[in-house]
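Examining the three-dimensional arrangement
Listed here are the chains, written in short residue letters.
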Amino acid sequence: MTARFGLIQSVVLLRVLGTVMILILPLMPSFALASTFYILRSVLSRGTQGASSALSTSLTRDKRRGFSVSMNSLVIRMSSAMLYDRLFRRFNSPQKGN
């Protein structure tokens, strides 16, 4: 895809498509269709990781490329960990008033 559209357009196109898919997800009429739709969205999202990493690497100086990739990976992993932490705390917390 990057050969056809270019690196930046490929990343932007797939990210926008993934965002649209996540916004449409609550409108799915069944769980099976929503699950399939979510899997497709995840594939698109994961598909942009290589191109996105190549883009960020090409924008940084040679001396800072390793640091840049490490920081990008750290931010992505930390945000996922914080999201899952909040989600699981909400479901595992005792219900008040019961």
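Up top is the structure these notes are about.
Described below are features of the structure shown in this document. (Residues numbered from 1 in each chain as written. Predicted model: local features only at pLDDT ≥ 70, side-chain atom pairs only at ≥ 80, totals over all residues. Heavy atoms only, no water.)

Quick look at the environment of Val12
The topology assignment puts Val12 in helix H2 (residues 7-24). Residues Val12 and Ser52, 40 residues apart in the sequence, show an inter-C-alpha distance of 9.2 Å. (Helix = DSSP H or I, 4+ residues; strand = E, 2+ residues; numbered from the N terminus.)

Regarding the packing of H2 against helix H3 (residues 31-59)
Interhelical geometry of H2 versus H3 gives an angle of 155 degrees and a closest axis separation of 9 Å. Relative to H3, the element H2 is oriented roughly antiparallel. Between H2 and H3 the crossing geometry is left-handed. When H2 is examined against H3, the residues Leu7, Ile8, Val11, Leu14, Arg15, Leu17, Gly18, Met21, Ile22 and Ile24 are found in contact with a partner set consisting of Phe37, Tyr38, Leu40, Arg41, Leu44, Thr48, Ala51, Ser52, Ala54 and Leu55. Among the residues forming the contact of H2 with H3, the class breakdown is 15 nonpolar, three polar and two charged. (Axes fitted to C-alpha atoms, helices over the stretch in contact; angles between N-to-C directions. Parallel < 35°, antiparallel > 145°, perpendicular 65-115°, else oblique. Left-handed = near helix turned anticlockwise from the far one by under 90°. Contact = heavy atoms within 4.5 Å. Nonpolar A, V, L, I, M, F, W, Y, C, P; charged D, E, K, R; others polar.)

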